[in-house]
Amino acid sequence: MTAPGPAPRAKTTPEGMNALLLRVAGDADRDAFNALFLFFAPRIKSYLMKIGAAADLADDLAQEAMLRVWRRAKLFDPAKASASTWIFTIARNLRIDAARRAAKPDLDPNEPALLPDHEPEPDQLIDRSSRDEKIRAAFSALPPAQYEVVKLHFIDDLAHSEIAERLSLPLGTVKSRLRLAFEKIRKELGDCVE
Amino acid sequence: MTALSEIRHHPKPLTLAAYAAGNLDEARAVVIATHVSLCAACRLAARDYESIGAACLEAVDPVAMNASALDSFWARAGKQERAMAPASAIAANDFALDAAHPLASYLKDGLDAIEWRPVAPGLAQVVIPAEGYRPGVLRLLKVSPGVQIPRHTHGDEELTLILRGSYTDEVGDFARGDLADLDGEVLHAPLAVGDEPCICLIATSAPLRFRTIFGRLVQPFIGL
Ligand SMILES: [Zn+2]
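Given the structure is predicted, the values throughout are model-derived calculations rather than measurements. (Residues numbered from 1 in each chain as written. Chains lettered and ligands numbered in written order. Predicted model: local features only at pLDDT ≥ 70, side-chain atom pairs only at ≥ 80, totals over all residues. Heavy atoms only, no water.)

Caption draft 1: Looking closely at the overall build of chain A. A tally of helices and strands in chain A yields 8 helices and 0 strands. Along chain A, helices and strands appear, N-terminal first, in the series α-α-α-α-α-α-α-α. Within chain A, the fraction of its 194 residues that count as buried is 55%. In chain A, of all internal contacts separated by at least 6 residues, the share reaching a separation of at least 24 is 62%. If you sum the accessible surface of chain A, you get close to 8,000 Å²; carbon and sulfur atoms cover 52% of it. (Helix = DSSP H or I, 4+ residues; strand = E, 2+ residues; numbered from the N terminus. Buried < 20%, exposed > 50% of the residue type's maximum accessible area, 1.4 Å probe, protein only. Contact = heavy atoms within 4.5 Å. Areas by Shrake-Rupley, 256 points an atom, 1.4 Å probe, with all protein chains shown as cover.)

So, in structure tokens, the structure goes:
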């Protein structure tokens, strides 16, 4: 069996993650993949357990997500998304599929995927890595109350009303915290989207 | 770019964020995915929200994988072919409904093969099955030119994407690619204008029943 790759912690910059995934894409580099696996699989497992998957199933689904990363690595294009964002979308789509299958066990396998992968050509020349680095930094710098609602929305899969219930807050407060958080992050990007 | 670069009405930031989080019901996700496939500005914004999701995922407390996980991963990976060629690009400039289009798999034979169900003079609809694990309803509405929908509010948040034709109401003028992301309390009476029927893709969300969703999720997960 392949030895574990280099310590992933040093590689968790968008650039570092991109470099690992490009090694997987180009050379089917198993050491690079193992480093991605050691970093992302336990986080994807945690992410899947947040919606109620039991530990063993979450383990299995996290492996399935990483299998999609391995098999589709050649489709990865750092101009469209950083590695971390690309892996997040794979995990998110797998979580939706799993939840959907759980709700409708007799689902027709030909039914369309809930969230189609949208991978059009890049519209502008954007340095996705530096953009994502700014997003990460701005996210980490959010005030705790805003950081918390963003995480509950993206990781715990809670809708606005569910966050309000979880935190015993008015719905309007939850929405304004999310809005403020996103405005702050967008401000760091230095452009005006919407 | 095409005329669709003139899209004037977009989803609200919170709607786009919920889409990127994977938190919308399926009906609304299909509407947003279709708009995003047509709108460069929202494509960029959606990708930004996905990057926020990635930052959240990186910040999650990890749960250790089973000791044998990496070994069993490579045993599984050995049996699978790796994808070789890049996926074909989505035609983002029209509702041609090519195979890669978000709506194509829901409308197998395209917009022109739909069997419309008359609702009222000049008004027809068809309900599209799009039942995810969060309840929501997806439908197409066809409004003949000159026909006005009676004044109404949406008790619920509603998403309307114009696929063909155009309409005008108190909020503004809506044409192909425009998306109305209206609050429940907005009162409006859309009037179809122009030469061709206005065809809209509409998602309404049913009340959330998240306790039930968790219950329904956990049970089959265990038996999977
Ligand atoms: Zn848009």
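Caption draft 2: Region of interest: the sheet that holds strand 6 (residues 173–175) of chain B. All names here are of chain B. Taking strand neighbours across the sheet as the criterion, the 3 strands line up as 6-5-8 in an open arrangement whose pairing is antiparallel. Of all the strands in the sheet, just strand 6 and strand 8 (191–193) have a single pairing partner and so form its edges. Across this sheet, the average inter-strand angle for adjacent strands is 30°, counted without regard to direction. As paired strands, strand 5 (residues 166–168) and strand 8 are joined by 3 bridges and run antiparallel to one another. Among the inter-strand pairings, Ser166 is bridged to a residue of strand 8, identified as Val193. (Pairing = 2+ DSSP bridges. Axes fitted to C-alpha atoms, helices over the stretch in contact; angles between N-to-C directions.)

Caption draft 3: Broad picture of helix 3 (residues 40–59) of chain B. The end-to-end C-alpha separation of helix 3 of chain B is 29 Å, in line with the 28 Å expected for 20 residues at 1.5 Å each. The buried count for helix 3 of chain B comes to 17 of 20 residues, which makes it a mostly enclosed element. (Expected span 1.5 Å × (residues − 1).)

Caption draft 4: Expanded view of the domain arrangement of chain B. Residue and element names in this part refer to chain B. What the domain assignment reports for chain B is domain 1 (13–90) and domain 2 (109–222). Taken together, the contact pairs 13 residues of domain 1 with 19 residues of domain 2. Our count for the domain 1 to domain 2 interface comes out at 0 salt bridges. For the pair domain 1 and domain 2, the interface holds 2 residue pairs in polar contact (both at pLDDT 80 or more). For the side of domain 1 that touches domain 2, the class distribution of residues is 5 nonpolar, 5 polar and 3 charged. (Domains from an automatic or database assignment. Salt bridge = Lys/Arg side-chain N within 4 Å of Asp/Glu carboxyl O. Polar contact = N/O pair within 3.5 Å; in protein donor to acceptor, adjacent residues only side chain to side chain. Nonpolar A, V, L, I, M, F, W, Y, C, P; charged D, E, K, R; others polar.)

Caption draft 5: Highlighting the pattern of salt bridges. Inspection of the entire model under this criterion finds 16 salt bridges over all chains. Here Arg131 of chain A ties to Asp48 of chain B by a salt bridge, and the two come within 2.7 Å at their closest N and O atoms. Of this pair, Arg131 of chain A sits in helix 5 (residues 128–140) while Asp48 of chain B is found in helix 3, placing the two residues in two different chains. The class of Arg131 of chain A is buried, set by a relative accessible area of 8%. The buried category is assigned to Asp48 of chain B, whose relative accessible area is 5%.

Caption draft 6: Expanded view of the coordination of the zinc ion. All names here are of chain B. In this structure, His10 (ND1), His35 (NE2), Cys39 (SG) and Cys42 (SG) serve as the protein donors to the zinc ion, at separations of 2.1 to 2.3 Å. Geometry at the zinc ion is tetrahedral, judged from its 4 donor atoms and the angles of 99 to 115° they form at the metal. Mapped onto the sequence, the donors of the zinc ion take the spacing H-x24-H-x3-C-x2-C. On the criterion of sequence distance, the pair formed by His10 in the segment before helix 1 (13–21) and Cys39 in the loop between helix 2 (26–38) and helix 3 is long-range, its members being 29 residues apart. (Donors = N, O, S within 2.8 Å, 3.2 Å for Na, K, Ca; no water. Tetrahedral: all angles 85-135°; square planar, octahedral: opposite > 155°, others 65-115°.)

Caption draft 7: Expanded view of the confidence of the model for chain A. All names here are of chain A. Per-residue confidence for chain A averages 84 on the pLDDT scale, and 80% of its residues sit at or above 70. Mean pLDDT across the elements of chain A ranges from a minimum in helix 4 (residues 83–103), with 87, to a maximum in helix 6 (residues 144–154), with 97. Across residues 1–10 the pLDDT falls below 50, and counting only partners more than four positions away or on other chains, this stretch makes 18 contacts in the model. Here residues 109–120 scores under 50 on pLDDT; set against residues more than four positions off or in separate chains, the count is 37 contacts. (pLDDT = per-residue confidence, 0-100.)

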